[in-house]
Amino acid sequence: MRNKSLTPAAVPDALVGFTPPTSAATSKHADGTLVDKYGRHVTYIRLSITDRCDFRCSYCMAEEMTFLPRAQVLTLEECLRIARTFVDLGVTKVRVTGGEPLVRQNVVWLLEQIAALPGLKELVITTNGSQLDRFAPALRAAGVKRINVSLDTLRADRFRAITRVGDLAKVLRGLDAAQAAGFQRLKLNAVMMRGSNDDELVDLVQFAVDRGIDIALIEEMPLGEIGHGRQSTYFSSEEAMARLEQRFVLLPSTESTGGPARYWRIPGTATRVGFISPHSHNFCESCNRVRITARGELYPCLGNNDAMALLPLLREHPADDGPLRAAIVRSMGIKAKGHDFGSQMDAPQVVRFMSMTGG
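Starting from 1, residues in each chain are numbered consecutively following that chain's sequence as written. Thresholds applied to this predicted model are a pLDDT of at least 70 for local features of residues and 80 or more for the giving and counting of side-chain atom pairs; totals over whole chains, interfaces and linings are not thresholded and use all residues. Only hydrogens and water are removed before side-chain values are computed, so all heavy atoms of the structure are retained for them.

A.B. asks: I'm lost on the sheet that holds strand E12 (residues 308–309) in this one. Help?
C.D. replies: Strand pairing in a sheet relies on backbone hydrogen bonds. The paired strands run either parallel or antiparallel. Two strands are counted as paired when DSSP detects at least two bridges linking them. Helix and strand assignments come from DSSP, with helices taken as H or I runs of at least 4 residues and strands as E runs of at least 2, each series counted from the N terminus. Pairing is mixed across the open sheet formed by 12 strands, whose spatial order is E7-E8-E9-E6-E5-E4-E3-E2-E1-E10-E11-E12. Only two strands of the sheet have a single neighbouring strand rather than two, namely strand E7 (251–252) and E12. Bridge count between strand E4 (residues 146–150) and strand E5 (residues 186–192): 4 bridges; the pairing is parallel. Across the sheet, residue asparagine 148 finds its bridge partner in E5, namely lysine 187. Packing against the sheet, helix H5 (residues 168–180) makes contact with E4 and E5, and its axis sits at approximately 150° to E5. Should any heavy atoms of two residues lie within 4.5 Å, those residues are counted as being in contact. Where helices are involved, their axes are fitted lines through C-alpha atoms of the stretch in contact, as for all axes, and angles between N-to-C directions lie from 0 to 180°.

Next up, the structure:
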């Protein structure tokens, strides 16, 4: 399958004449920051620097993929321009994603440049862990503050089945390397799938407790056509909570890492258990983030197809970030009030794969 996404050719009607509501009368946020038409303040971007990945996770992409031609992918310099412009507009957190970001050549250079941007408070990265054993010290030196590692199972045969090509032992070595490099806040991301790994949720949390790291359990999202419906594999946060409470005491916490997870603490441990629940507990009212795909499309909402094409502006104005800045501000006008994944489980309305949008 081919990595598809929208290619907006014109400004959507919703953006014509849009001005972010940042006056003292309409918003509590400072003038010049990113505020959508519902008053939500965007302070966080997820920037995909490649659609390529060395895994083929069954919930993320098709087994046979045709990735984007290099000319259609943001250069690292263009990635930096986007990040710099967003930070100039008040964004304080940048998450670099993919695909698998660590397969991108010279990724450490980009991370160093983003980490040095004045006003940025936190640079984080999401990875499948396959390259961490060799990159962890360099990521730490570059200024990355936190690492999220995707890990859906602790069984080697099941790991190979889910990823189709992955080696669990290599990911575990990567976790060792990240902790040895001094990363204090590592987090595992596990997508919950009925009949695939739902019987391991307790084991995964115990694994996080034993290592003194966090874990987020994620409800599967219907993004891209992967050859089968997702309704039969959907596993809710409520079901997961019920299973975990048979083993652990879970105390609700008001802590946040700036993303959509709701956290619980396990007393006597350093571990936080987060639930990301785009189906059962829609978090749209507090959404503070937008996503930029590897081909430079700005998606204000993960669950909608409205987008703003940034790549043409970057290449038409190589020495002037003014048009890019204006487009980013206008894009706040198409940020949806919310998403509805419930009706899309067997027939996705979002055509792009998660590997295109970025995790």
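A.B. asks: Help me understand the pairing of strand E10 (residues 289–292) in this model?
C.D. replies: Strand residues, when the strand is regular, have side chains that alternate between the two faces of the sheet. Covered by surrounding structure in E10 are Arg289 and Arg291 together with Val290 and Ile292, the residues of both alternating faces. Note that strand E1 (residues 44–48) and E10 share 4 bridges and pair parallel. The residue of E10 that forms the bridge with isoleucine 45 is valine 290. When E10 meets strand E11 (residues 297–299), the two strands line up antiparallel, connected through 2 bridges. Bridge pairing in E11 links arginine 291 to tyrosine 299. Linking E10 to E11, which pair antiparallel, is a turn of 4 residues; within it glycine 296 sits at a positive phi near 80°. Three exposure classes are used, based on accessible area relative to the maximum for each residue type with a 1.4 Å probe and protein chains only: buried under 20%, partly exposed in between, and exposed over 50%.

A.B. asks: So what exactly am I meant to see when it comes to the layout of surface pockets here?
C.D. replies: Rolled over the atoms, a probe sized like a water molecule indicates the empty space that remains. Grid points spaced at 1 Å over the protein atoms alone were grouped into cavities, where a 1.4 Å probe fits but cannot get out, and pockets, open sets with protein on both sides within 12 Å along at least five of seven lines, with lining residues defined by an atom within 4 Å of a point. Grid points are joined across faces, edges and corners, and a volume is the space filled by probe spheres set on the points. Of the volumes computed, that of the largest pocket is approximately 320 Å³. Taken together, the residues that form the lining of the largest pocket break down as 7 nonpolar, 4 polar and 4 charged. Each pocket or cavity is described by its volume, and for the second largest pocket that value is around 210 Å³. Taken together, 14 residues form the lining of the second largest pocket, with Ser256, Gly259, Pro260, Ala261 and Ser286 sitting closest to its centre. Put simply, Ala, Val, Leu, Ile, Met, Phe, Trp, Tyr, Cys and Pro go in the nonpolar bin, Asp, Glu, Lys and Arg in the charged bin, and everything else, Gly too, in the polar bin. For the lining of the second largest pocket, the residue count by class is 4 nonpolar, 7 polar and 3 charged.

A.B. asks: Before we go on, may I ask you to explain empty space enclosed by the protein in this structure?
C.D. replies: This model, assessed by the stated rule, comprises 2 cavities of 30 Å³ or more. For the second largest cavity, the calculated volume is near 40 Å³. Along the walls of the second largest cavity sit Arg146, Asn148, Arg185, Leu186, Lys187, Asp214, Thr257, Tyr263 and Arg272, which together make up its complete lining. Of all the elements in the fold, those that place two or more residues in the lining of the second largest cavity are E4 and E5. A breakdown of the residues in the lining of the second largest cavity according to their chemical character gives 2 nonpolar, 2 polar and 5 charged.

By themselves, these observations are geometric and do not establish any function.
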